[in-house]
Amino acid sequence: AILGTSLISTYAAWSRLTDARHIFSSIQGHDVVSWTSMIAGYAANRDVENAKLHFDRMPQRDAISWTSMISGYAQAGYLQQCRSLFLASPHRDSVSYNAMSQAYVVSGNLDQARTFFEEMCSDGHHNSASWNTMIAAYAQAGHSHESMTMFRRMDLEGIPADSITVISVLDACASVAALDLGKSIHAEATDRRLLCDAGVATQLVDMYAKCGELHDARCIFDSMHERNLLTWNTMIAAYHNHGRNRRGCTGGLDHILGLFLAMVAEGYEPSDVTLLSVISSFSHAGMFEQSIHYFVSSPVDFAVAMKLDHYQCMIDLFSRLGELGYAEELIERMPVEPD
RNA sequence: GGGCUAACGCGAUACG
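Everything numeric here is computed off the predicted structure, so don't read it as measured data.

**Here's the deal with the overall build of chain A**
1) Next: Of regular secondary structure, chain A possesses 20 helices and 0 strands.
2) Next: In terms of its C-alpha atoms, chain A occupies a principal-axis envelope of roughly 65 × 50 × 35 Å.
3) Next: Each of the 339 residues in chain A was classed as buried or not, and the buried ones make up 44%.
4) Next: In chain A, of all internal contacts separated by at least 6 residues, the share reaching a separation of at least 24 is 57%.
5) Next: Each charge class in chain A can be summarised by its mean position, and for the 23 positive and 39 negative side chains these summaries are 3 Å apart.

**Here we look at the packing of helix 11 (residues 163-175) against helix 12 (residues 179-191)**
1) Next: Look at helix 11 against helix 12: their axes get within 10 Å of each other, and the N-to-C directions meet at 160°. Here helix 11 lies roughly antiparallel to helix 12, going by the angle between them. Relative to helix 12, helix 11 is oriented so that their crossing is left-handed. In this structure, helix 11 contributes Val166, Val169, Leu170 and Cys173 to the contact, and helix 12 contributes Leu181, Gly182, Ile185 and Ala189.
2) Next: Within the contact of helix 11 with helix 12, the residues separate by chemical class into 7 nonpolar, 1 polar and no charged.

**Remarks on helix 18 (residues 288-301)**
1) Next: In this model, helix 18 (14 residues) spans 19 Å end to end at C-alpha, consistent with the 20 Å of a helix rising 1.5 Å per residue.
2) Next: Within helix 18, the axis deviates most sharply at Phe295, by approximately 25°, and proline Pro299 lies no more than four positions further along.

**Quick look at the protein's contact with RNA strand B**
1) Next: Close contacts around RNA strand B come from 50 residues, with Thr67, Gln75, Asn98, Gln203 and Arg244 the closest.
2) Next: Restricting the count to atoms of RNA strand B within 4 Å of the protein gives a sugar and phosphate share of 50%.
3) Next: With 7 residues, helix 5 (residues 63-76) is the single largest residue contributor to the surface near RNA strand B.

**A word on the nonpolar core**
1) Next: Formed by 101 residues in total, the largest nonpolar core has its most connected members in Met69, Met100, Val166, Ile185, Met207 and Met235.
2) Next: In terms of residue count, helix 13 (residues 198-210) provides more of this core than any other element does, 8 residues in total.
3) Next: Each residue touching Met235, except ones within four places of it in the same chain, is listed here: Val205, Leu214, Ala217, Arg218, Phe221 and Leu259.

**Regarding the packing of aromatic side chains**
1) Next: If you walk through the whole model with that rule in mind, you get 16 aromatic pairs.
2) Next: Judged by centre distance (5.5 Å) and plane angle (50°), the rings of Tyr104 and Phe116 are tilted. Placement of Tyr104 in helix 7 (residues 94-106) and of Phe116 in helix 8 (residues 110-123) is noted, with a sequence separation of 12 residues between them. With respect to burial, Tyr104 and Phe116 carry one shared label: buried.
3) Next: Their ring planes at 10° and their centres at 5.8 Å tell us that Phe282 and Tyr294 sit as a pair that is stacked. Pair noted here: Phe282 is in helix 17 (residues 272-284) and Tyr294 is in helix 18, with a separation of 12 residues, a long-range link.
4) Next: When its relative accessible area of 12% is taken as the criterion, Tyr294 is described as buried.

**A closer look at the side chain of His310**
1) Next: By secondary structure assignment, the location of His310 is in helix 19 (residues 308-320).
2) Next: Sequence-distant contacts of His310, that is, excluding residues within four places in its chain, are made with Asp272, Leu275, Leu276, Ile279 and Phe295.

**Regarding unusual backbone geometry**
1) Next: Not every positive phi belongs to a glycine, and Ala177 is a case in point at roughly 55°.
2) Next: Topologically, Ala177 is positioned in the loop between helix 11 and helix 12.
3) Next: Its identity as a non-glycine residue notwithstanding, Arg193 has a phi of 60°, on the positive side.
4) Next: Along the chain, Arg193 falls in the loop between helix 12 and helix 13.
5) Next: For Arg193, a relative accessible area of 66% corresponds to the exposed category.

Definitions and cut-offs
Residues numbered from 1 in each chain as written. Chains lettered and ligands numbered in written order. Predicted model: local features only at pLDDT ≥ 70, side-chain atom pairs only at ≥ 80, totals over all residues. Heavy atoms only, no water. Helix = DSSP H or I, 4+ residues; strand = E, 2+ residues; numbered from the N terminus. Buried < 20%, exposed > 50% of the residue type's maximum accessible area, 1.4 Å probe, protein only. Contact = heavy atoms within 4.5 Å. Lys, Arg positive; Asp, Glu negative; His and termini not counted. Charge placed at Lys NZ, Arg CZ, Asp CG, Glu CD. Axes fitted to C-alpha atoms, helices over the stretch in contact; angles between N-to-C directions. Parallel < 35°, antiparallel > 145°, perpendicular 65-115°, else oblique. Left-handed = near helix turned anticlockwise from the far one by under 90°. Nonpolar A, V, L, I, M, F, W, Y, C, P; charged D, E, K, R; others polar. Expected span 1.5 Å × (residues − 1). Bend = angle between axes of the 7 residues up to and from the residue. Near = heavy atom within 4 Å. Core = buried A, V, L, I, M, F, W, Y, C linked by side-chain atoms within 4.5 Å. Phe/Tyr/Trp six-rings, centres within 6.5 Å; stacked < 30°, edge-to-face > 60°.

Right, here's the structure in full:
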C-alpha cells in the first residue's frame, strides 16, 4: 500500500491522473494517506471536483487531508469555498494558513492576503513559507518594491532566507534592475550555501542579465554544476534580449546557437521558450532562412509544438521581407487562434 | 508513502 501511494504521487506529479486513479482502485485497504494523495493529485491538476469527491468520500481525514483540499481550492481560485473549508477545518496549522493566504493571492486580492499575513504574524501562525508567499506574490504582481521591502523585513526579523525566498526576491530585483540588492542577495546566498541549488543559480543568471550584466550572468552559468531546462532558456533569452536592444548586433547569435547546440548535445529537449529565443534572434539578425528552418524542423526534431508567439514571429518575418501573401496565408492556416 | 510558497516566455490600451 505504501508503494501504491508512492506511485499515486508520482503519476499525479506527471499529471497522469487516470493512472493514479487506476493504482488507487487496485490498492486494497485504502488508508488516510492514499486517499489524501488522490486529493493532492487532483488538486495539483486543478481538478477540484474530483478532489472534493474524494475528500467527502474518505472515511476519516487528518490535517494533511484538510490542507490538501484547501490548497486545491486556493490554486483553482475558489476563494469562498477555500475560506469555508479553512474555517471548518479542525486542524489549522501554518501550512493551511499559507494555503488560505495563497487563495487571496491567486484570486487577485493582494491586500487581503497582506492583512491575513499580518494577522498570522501577530497570532504566530506564520513560518518562512508565509513570507515567501508574500514576497513572491508582490513580485508576480509587478509590485517589485513591496516584494523587496518584505524581504528586508524578513531579513531584519532574523528569519533565514531559503532558496524559494531568494528566487522570489531576485525576480523582483530583475524586473526593476535592482542590481545592488541583487548583488547583496548573491552574497547572502553564497554564505548560506544556496548556490548549489540550480533554481537559485538560474535566478541569479536572470537577475544579472536583466540588470545588463551579461558577463556576470554567463560566469554564473558556466560555474554551475547542475543545470535544468530553465537554466538554458534563461541564458539563451539573456543573449536574445541583449541583442534585441542593440540593433544589428549579431554577436549574441553565436552564443545562442552555441548554447542551443550544447543543450541538445547534453540531452535536453528544447522547449517552446527556447525556440522562441532562437527563431526570433535569427529573424532579427536578418538570417531568415535559419529562422524558418528552426520553425519548421523543431516540431519534427523535438517534442515541441509551435505556439502563437512563434507564428507571430514568422508573420513578422514574412512581412518584413515584403512577403505579405505568405504572412496572410500563415495567419489563415495556422493551427492556433490569432489574437 | 500524502499537504503550503518559487524562477525562463520581446512588447502590450498598440506599434516597433
